[in-house]
Amino acid sequence: MASTILSFRKIFRLIFILFSLYLMGDAFYRWDGFRYYASFPEFLPGLALTIILWSVVAVFMSLLVWLSARLLEWFCPYVGWKIRAEHFLLFLFALALLGVTIWIGRHRIWDIVHTQRKILFLSLILISILITWLFRNKVEQWMRIVQERITPLVWLFGILVLLSVPLVTYHTWVKQAVKAVSPPTPQHTASDRKRLNIILVTFDTLSAQNMSLYGYYRPTTPFITEWANKASVFTRLEAASNWTPPAAASLMTGKRPWTHRVYHMNSRIVKGKTENLPLALKNNGYYNMAFIVNPLASVKTLGIADSFEVAPLYSEFGSPASLFGWVEKSLSQLFAGKILMYDWIIKGDFILRRVIDMISRNFSKTIVPPERAFNRFLLNFNDNLPEPFFIWIHVFPPHHPYLPV
């Protein structure tokens, strides 16, 4: 029988629909939480951006599958195998379906997944090959039926991609150009220079119970302990929350989480444009700078970036050594502060990040060493720095992934 080569168009249609259906399901899941702290018009730009980026991923995945199928059909006649591109697609579909099934029921086979991962993966491949062999004569008919049935969905999701482009363009460039016209910064006077300068340094996830300053038996904070001999030490201070976004929001506003309403990773401070500590200082002659390495504490994420004269993006402190790291940095430079959930496609609970983390995990060192934040601060700290100033430095360690001793 003559070899039947599937066109790239047919493969892309199939993968595009599968990707789009997954994204729609994920969108409903995220909207269920998003609606408690933001509006639907704020949700749409993030969804539109993700639709565009996820479609680009679908194109690359389709190209990879198509090239693999072409290579397989070229190679098989030389070894006498009667394998067509449709068989290869059925094998991939069966492997993916089995993988999803294992992932959903992973809590039941957790020990096997972690201790015998290679054996499990090999078993999935063998089972997928068996399924492909059993249904090898029906796959071409199935493919033809599927291609006919998905046509309406292709048009529907294709239209969504086209509508997403102008929406993302407006929120990224047009809307920002309109917002660029802002009131002038208050002028510094001679009397302002008599006010004290303020430098706030926060350490992500650092707990008092692990600090030698507060009685921990190991010398974990020797410099802070020595410095405390000449400083005021507070012993009954409590954080407003047990995780970064609401705690940082309370720190910048003096409000409780139920007042500033920062509950989720992408929520912004209610009335953050008009009520926050940096803005009050700025209106009283202070020059504000923020060097925040954690995206969850970023002044852009919290919605108070306008209160700072200098506020580098968190991505500027990192040095991505992979393609995925470069994508993460590029997204933050282009869309941070302009589109909520701009990083949807690279979130830890999105399928793309999960797959990449399974393929290549690297927890051997901390994400951003603390010296990067301090060095960036020192580059801006010079004799010409306007006074008085307020500087917020937020370092990532001892947040995981941990640096081994």
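About the cut-offs
Residues numbered from 1 in each chain as written. Predicted model: local features only at pLDDT ≥ 70, side-chain atom pairs only at ≥ 80, totals over all residues. Heavy atoms only, no water. Helix = DSSP H or I, 4+ residues; strand = E, 2+ residues; numbered from the N terminus. Buried < 20%, exposed > 50% of the residue type's maximum accessible area, 1.4 Å probe, protein only. Contact = heavy atoms within 4.5 Å. Polar contact = N/O pair within 3.5 Å; in protein donor to acceptor, adjacent residues only side chain to side chain. 1 Å grid on protein atoms, 1.4 Å probe; cavity = no way out; pocket = protein on both sides within 12 Å on 5 of 7 lines; lining within 4 Å. Points joined across faces, edges and corners; volume = space filled by probe spheres on them. Nonpolar A, V, L, I, M, F, W, Y, C, P; charged D, E, K, R; others polar. pLDDT = per-residue confidence, 0-100. Salt bridge = Lys/Arg side-chain N within 4 Å of Asp/Glu carboxyl O. Core = buried A, V, L, I, M, F, W, Y, C linked by side-chain atoms within 4.5 Å. Patch = residues over 30% accessible without salt bridge, like charges linked within 9 Å, V, L, I, M, F, W, Y side chains within 5 Å. Areas by Shrake-Rupley, 256 points an atom, 1.4 Å probe, with all protein chains shown as cover. Expected span 1.5 Å × (residues − 1). Pairing = 2+ DSSP bridges. Phe/Tyr/Trp six-rings, centres within 6.5 Å; stacked < 30°, edge-to-face > 60°. Lys NZ or Arg CZ within 6 Å of the ring centre and 35° of its normal.

Assigned secondary structure in the protein consists of 15 helices and 3 strands. Within the span of the protein, comprising 405 residues, buried residues form 37% of the whole. A fraction of 70% describes how many contacts in the protein between residues 6 or more apart in sequence connect residues 24 or more apart.

Tracing the sequence through the fold places Tyr314 in the loop between α12 (299–302) and α13 (323–335). Sequence separation between Tyr314 and Val368 is 54 residues, and the spatial gap between their C-alpha atoms is 9.7 Å. If we ignore the near neighbours within four places in the chain, the residues touching Tyr314 are Ile292, Val293, Asn294, Pro295, Glu328, Ser332 and Tyr342. Engagement of the side chain of Tyr314 in a polar contact is seen with the side chain of Tyr342, the distance being 3.3 Å.

On to the layout of surface pockets, then. Empty pockets left among the atoms are what a rolling probe the size of a water molecule brings to light. Of the volumes computed, that of the second largest pocket is approximately 1800 Å³. Lining the second largest pocket are 44 residues, and of these Val201, Thr202, Phe203, Leu237 and Leu251 lie nearest its centre. When the residues that make up the lining of the second largest pocket are grouped by side-chain class, the tally is 29 nonpolar, 11 polar and 4 charged.

Our focus in this paragraph is the confidence of the model for the protein. In this model, the protein carries a mean pLDDT of 84, and residues with pLDDT of at least 70 account for 85%. When mean pLDDT is compared element by element in the protein, strand β2 (residues 287–292) scores highest at 96, while helix α4 (residues 110–115) scores lowest at 54.

Throughout the structure, instances matching the rule amount to 8 salt bridges. Among the ionic pairs, Asp306 bridges to Lys273, the shortest N-O distance being 3.0 Å. One end of the pair, Asp306, is in the loop between α12 and α13; the other, Lys273, is in the loop between α10 (257–260) and α11 (277–282), with 33 residues separating them in the sequence. According to the relative accessible area criterion, Asp306 is exposed, its value standing at 53%. By relative accessible area, which is 48% here, Lys273 ends up partly exposed.

The next subject is unusual backbone geometry. Apart from glycine, the bulk of residues carry a negative phi angle, and the bulk of peptide bonds sit in the trans form. Each neighbour pair has its own omega, and for Glu387 with Pro388 the value is -5 degrees, a cis peptide bond. Of note, the bond from Pro397 into Pro398 is cis; its omega dihedral lies within 30 degrees of zero at 10 degrees. You will see that Thr205, though not glycine, has its phi angle at about 65 degrees, which is positive. Looking at the element boundaries, Thr205 is found in the loop between β1 (198–203) and α8 (222–227). In this structure Thr205 comes out as partly exposed when scored by relative accessible area, which is 47%. Located in the positive-phi region is Met341, a residue other than glycine, with phi close to 60 degrees. On the basis of relative accessibility, which here comes to 4%, the residue Met341 falls in the buried class.

On to the nonpolar core, then. When a protein is soluble and globular, its nonpolar side chains tend to lie buried together. Of all hydrophobic cores here, the largest spans 44 residues; its most connected members are Phe34, Phe43, Phe335, Tyr342 and Trp344. Among the secondary structure elements, those contributing two or more residues to this core are α1 (8–34), α2 (40–79), α3 (85–104), α7 (151–179) and α13. Ranked by residues supplied to this core, first place goes to α2 with 11 residues. Leaving out residues up to four positions away in the same chain, Phe34 has contacts with Ser39, Glu42, Phe43, Leu340 and Met341. Core analysis: the second largest hydrophobic core is formed by 17 residues, Ala248, Ala249, Leu281 and Leu302 among them.

A contiguous nonpolar patch, built from Leu71, Trp74, Phe75, Tyr78, Val79, Trp81 and Ile83 and spanning about 780 Å² of accessible area, is present on the exposed surface. Here Val79 lies in helix α2.

For α2, built from 40 residues, the straight-helix expectation of 58 Å at 1.5 Å per residue is met to within 8% by its first-to-last C-alpha distance of 57 Å. Where α2 terminates, the next one or two residues include Gly80, which has phi positive at roughly 80 degrees.

With 6 of 6 residues buried, β2 lies mostly within the body of the structure. Pairing of β2 with strand β3 (residues 389–395), which is carried by 6 bridges, proceeds in the parallel orientation. Across the sheet, Ala290 pairs through a bridge with Trp392, a residue of β3.

Structurally, the position occupied by Asn294 is in the loop between β2 and α12. Apart from the residues within four sequence positions on either side, Asn294 is in contact with Asp204, Thr244, Tyr314, His394, Phe396 and His399.

Once that is clear, we can look at the packing of aromatic side chains. What the rule picks out here adds up to 19 aromatic pairs. Between Trp31 and Phe40, the ring centres sit 5.3 Å apart and the planes meet at 85 degrees, which makes this aromatic pair edge-to-face. When its relative accessible area of 23% is taken as the criterion, Trp31 is described as partly exposed. The partly exposed category is assigned to Phe40, whose relative accessible area is 43%. Centroid distance Trp54 to Phe350: 5.0 Å. Interplanar angle 70 degrees. Geometry classified as edge-to-face. You can see Trp54 sitting in helix α2 and its partner Phe350 sitting in the loop between α13 and α14 (351–359), a full 296 residues away along the chain. One aromatic cluster is present, built from ring pairs that chain together Trp31, Phe34, Phe40, Phe43 and Trp344. When the ring centre of Trp133 is taken as origin, the NZ or CZ atom of Arg136, which lies over that ring, is 4.4 Å away. In this structure, Arg376 is placed above the aromatic ring of Phe317, and the distance from its NZ or CZ to the ring centre is 5.9 Å.

With that out of the way, let us pick up empty space enclosed by the protein. Inspection of every chain in the model, using the stated rule, returns 2 cavities of 30 Å³ or more. In this structure, the largest cavity spans a volume of roughly 60 Å³. For the lining of the largest cavity, the secondary structure elements donating two or more residues are α1, α2 and α7. Tallying contributions element by element places α1 first for the lining of the largest cavity, with 5 residues. Of the residues contributing to the lining of the largest cavity, the split by class is 8 nonpolar, 2 polar and no charged. The computed volume of the second largest cavity comes to approximately 30 Å³.

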